[in-house]
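# Structural overview
Read off the chains here:
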Amino acid sequence: MSVLDSFLNMPEDTFDTLSVSILVTGLIIYMGFVIYRMAKDSNAGKFGTVILFFVLGFGMLGFIIKTILTEVLQK
């Protein structure tokens, strides 16, 4: 059985879990790039960049912690 056959015959819940994990990870990486770009374009400096990443990244951190806690508590 090839990798393509395995992917095409994957159960729906496995596909959902896998695709959400990959896409949310990509979104978080993109949001980090947007924060960096915003800091660079606004000439925020080192301290301002740290503050931007802390404040705007705090929501992403909350999502990551929620995901980890959900997995730990389900086991």
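Residues numbered from 1 in each chain as written. Predicted model: local features only at pLDDT ≥ 70, side-chain atom pairs only at ≥ 80, totals over all residues. Heavy atoms only, no water.

- The protein is annotated in an unreviewed UniProt entry as DUF2788 domain-containing protein of Silvimonas iriomotensis.

### Re the packing of aromatic side chains
- Applying the stated criterion to the full structure yields 2 aromatic pairs.
- With centroids separated by 6.4 Å and ring planes inclined at 35 degrees, the aromatic side chains of Tyr 30 and Phe 33 adopt a geometry described as tilted. You can see Tyr 30 and its partner Phe 33 sitting in helix α2 (residues 12-41), 3 residues apart, about one turn around the helix.
- On the accessibility criterion, Phe 33 (44% relative accessible area) is partly exposed.
- Plain terms: the ring middles of Phe 54 and Phe 58 are 5.8 Å apart, the flat faces sit at 45 degrees to each other, and that makes the pair tilted. Separated by 4 residues within a single helix, Phe 54 and Phe 58 lie in helix α3 (residues 45-74), roughly one turn from each other.
- Judged by relative accessible area, Phe 54 falls into the exposed class, the value being 54%. (Phe/Tyr/Trp six-rings, centres within 6.5 Å; stacked < 30°, edge-to-face > 60°. Helix = DSSP H or I, 4+ residues; strand = E, 2+ residues; numbered from the N terminus. Buried < 20%, exposed > 50% of the residue type's maximum accessible area, 1.4 Å probe, protein only.)

### Structural notes on α3
- Relative to the 44 Å expected for 30 residues at 1.5 Å per residue, α3 spans 43 Å between its end C-alpha atoms, a close match to the ideal helical length.
- Bending of α3 peaks at approximately 45 degrees at the position of Phe 58.
- Of the residues making up α3, those classed as buried are Gly 48, Gly 57 and Met 60.
- Along its buried surface, α3 packs onto α2. (Expected span 1.5 Å × (residues − 1). Bend = angle between axes of the 7 residues up to and from the residue. Contact = heavy atoms within 4.5 Å.)

### Details of α2
- For α2, spanning 30 residues, the distance from its first C-alpha to its last is 42 Å, which sits close to the expected 44 Å at 1.5 Å a residue.
- Within α2 the residues assigned to the buried category are Ser 19, Gly 32, Ile 35 and Ala 39.
- Contacts from the buried residues of α2 go to α3.
- After α2 finishes, the residue Asn 43 shows a positive phi value of roughly 55 degrees.

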